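Per-entry structural report
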Amino acid sequence: RIPYTGPGVLPSAIALNKKKSNEIFRSSGINTAESKIVKKSDGYVDDPIKRPYVIKPVSQGSSIGVQVIFPEDSFSFSDYDFPYGDEVLIEEYIKGREMQVAVLNGRAIGVLEIKLLKNKRFYDYETKYTEGFAEHLLPAPVSSEMYNNIKDLAEKACSV
């Protein structure tokens with residue numbers, strides 16, 4: 001009998017499906033990285049988009065299966081084995097700072113910056129769940145204008 005404070009089953013399912021959430025965000029005017037869905041049956045031999053890019057399983061969470069491919073990597077898309085389903089989301093890599101926002105009852109209540117330690121490429125599963133791999137800065141050290149813009153965008157994303 002613990003009260004549930006999450007968004008509910010449908011919003012959670014949509015958020016976990018990167019293909020569907022990307023479609024909803026775009027149709028609602030929320031900027032997203034350039035991306036494409038690639039199916040195993042497409043038979044790509046070369047990179048599906050220009051490097052650097054990110055491979056994301058369509059329906060995994062906690063960064064499971066996410067790979068960042070940089071120009072200098074010796075990665076061949078023809079060898080990718082689609083371990084988490086027959087399609088993936090391929091997104092352009094956007095270098096930047098990692099921010100997360102807590103939204104409760106439709107209202108953003110804080111912005112957290114995640115600073116990577118241990119020379120990690122991105123906020124992957126190991127970094128999320130291993131002590132000492134990331135530093136959490138709350139509130140995020142950004143201008144008040146940026147802080148409010150991030151909160152507004154998070155609220156918009158949660159309301160679509």
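For the structure, check the block above.
Everything numeric in this text was worked out from a predicted model, so none of it was measured.

Quick look at the sheet that holds strand β4 (residues 87-92) now. Strands belonging to one sheet form pairs held by backbone hydrogen bonds; the direction of such a pair is parallel or antiparallel. Read from one edge of the open sheet, four strands run β1-β4-β2-β3, paired in antiparallel fashion. Here the strands that pair on one side only, and so sit at the sheet edges, are β1 (35-39) and β3 (67-69). This sheet shows a mean twist of 25° between the axes of neighbouring strands, independent of strand direction. The sheet contact formed by strand β2 (residues 53-57) and β3 spans three bridges and is antiparallel. Across the sheet, the residue bridging to valine 54 is valine 68, located in β3. Helix α2 (residues 18-27) contacts β1, β2 and β4 of the sheet and is inclined by roughly 45° relative to β4.

Nonpolar side chains in soluble globular proteins generally cluster together in the buried interior. Counting 10 residues, the largest nonpolar core is built from Val38, Tyr53, Ile55, Ile69, Phe75, Phe77, Tyr80, Phe82, Val88 and Ile90. Put simply, the parts of the chain that give this core at least two residues each are β2 and β4. Those residues in contact with valine 88 that lie beyond four places of it in its chain are Lys36, Ile37, Val38, Ile55, Lys56, Pro57, Val58, Tyr80 and Phe82. Counting five residues, the second-largest nonpolar core is a separate cluster that includes Val54, Val68, Phe70 and Phe122.

Moving on, we come to the pattern of salt bridges. In the structure shown here, the tally under the stated rule is eight salt bridges. Between arginine 97 and glutamate 113 there is a salt bridge, with the nearest N and O atoms lying 2.7 Å from each other. Taken together, the residues span a long stretch of sequence, with arginine 97 in the loop between β4 and β5 (98-104) and glutamate 113 in strand β6 (residues 107-116) at a distance of 16 residues. The partner of lysine 120 in a salt bridge is glutamate 126, and the shortest N-O contact between them spans 2.8 Å.

As paired strands, β5 and β6 are joined by seven bridges and run antiparallel to one another. Note that in β6 the partner of alanine 102 across the bridge is glycine 110. The hairpin turn running from β5 into β6, its antiparallel successor, is two residues long, and asparagine 105 in that turn takes a positive phi close to 55°. Both β6 and strand β7 (residues 134-137) contribute to a ladder of four bridges, which runs antiparallel. By the bridge assignment, isoleucine 114 is partnered in β7 with histidine 136.

Let us look at the packing of helix α1 (residues 9-16) against α2. Taken N-terminus to C-terminus, the directions of α1 and α2 make an angle of 100°; their axes are 5 Å apart at the nearest point. Taken together, the axes of α1 and α2 lie roughly perpendicular to each other. Across the interface between the two elements, Ile14, Ala15 and Leu16 from α1 touch Lys18, Lys20, Ser21 and Ile24 from α2. Grouping the amino acids of the contact of α1 with α2 by side-chain chemistry returns four nonpolar, one polar and two charged.

Of note, threonine 127 is situated in helix α3 (residues 125-129). Reaching out from threonine 127, the side chain makes a polar contact with the side chain of aspartate 124 at a distance of 2.5 Å. In this structure threonine 127 touches Leu116, Lys120, Phe122, Phe133 and Ala134, once residues within four positions along its chain are discounted.

So, how was this worked out
- Residues numbered from 1 in each chain as written.
- Predicted model: local features only at pLDDT ≥ 70, side-chain atom pairs only at ≥ 80, totals over all residues.
- Heavy atoms only, no water.
- Pairing = 2+ DSSP bridges.
- Helix = DSSP H or I, 4+ residues; strand = E, 2+ residues; numbered from the N terminus.
- Axes fitted to C-alpha atoms, helices over the stretch in contact; angles between N-to-C directions.
- Contact = heavy atoms within 4.5 Å.
- Core = buried A, V, L, I, M, F, W, Y, C linked by side-chain atoms within 4.5 Å.
- Buried < 20%, exposed > 50% of the residue type's maximum accessible area, 1.4 Å probe, protein only.
- Salt bridge = Lys/Arg side-chain N within 4 Å of Asp/Glu carboxyl O.
- Parallel < 35°, antiparallel > 145°, perpendicular 65-115°, else oblique.
- Nonpolar A, V, L, I, M, F, W, Y, C, P; charged D, E, K, R; others polar.
- Polar contact = N/O pair within 3.5 Å; in protein donor to acceptor, adjacent residues only side chain to side chain.

Any link to function would need more than the numbers given here.
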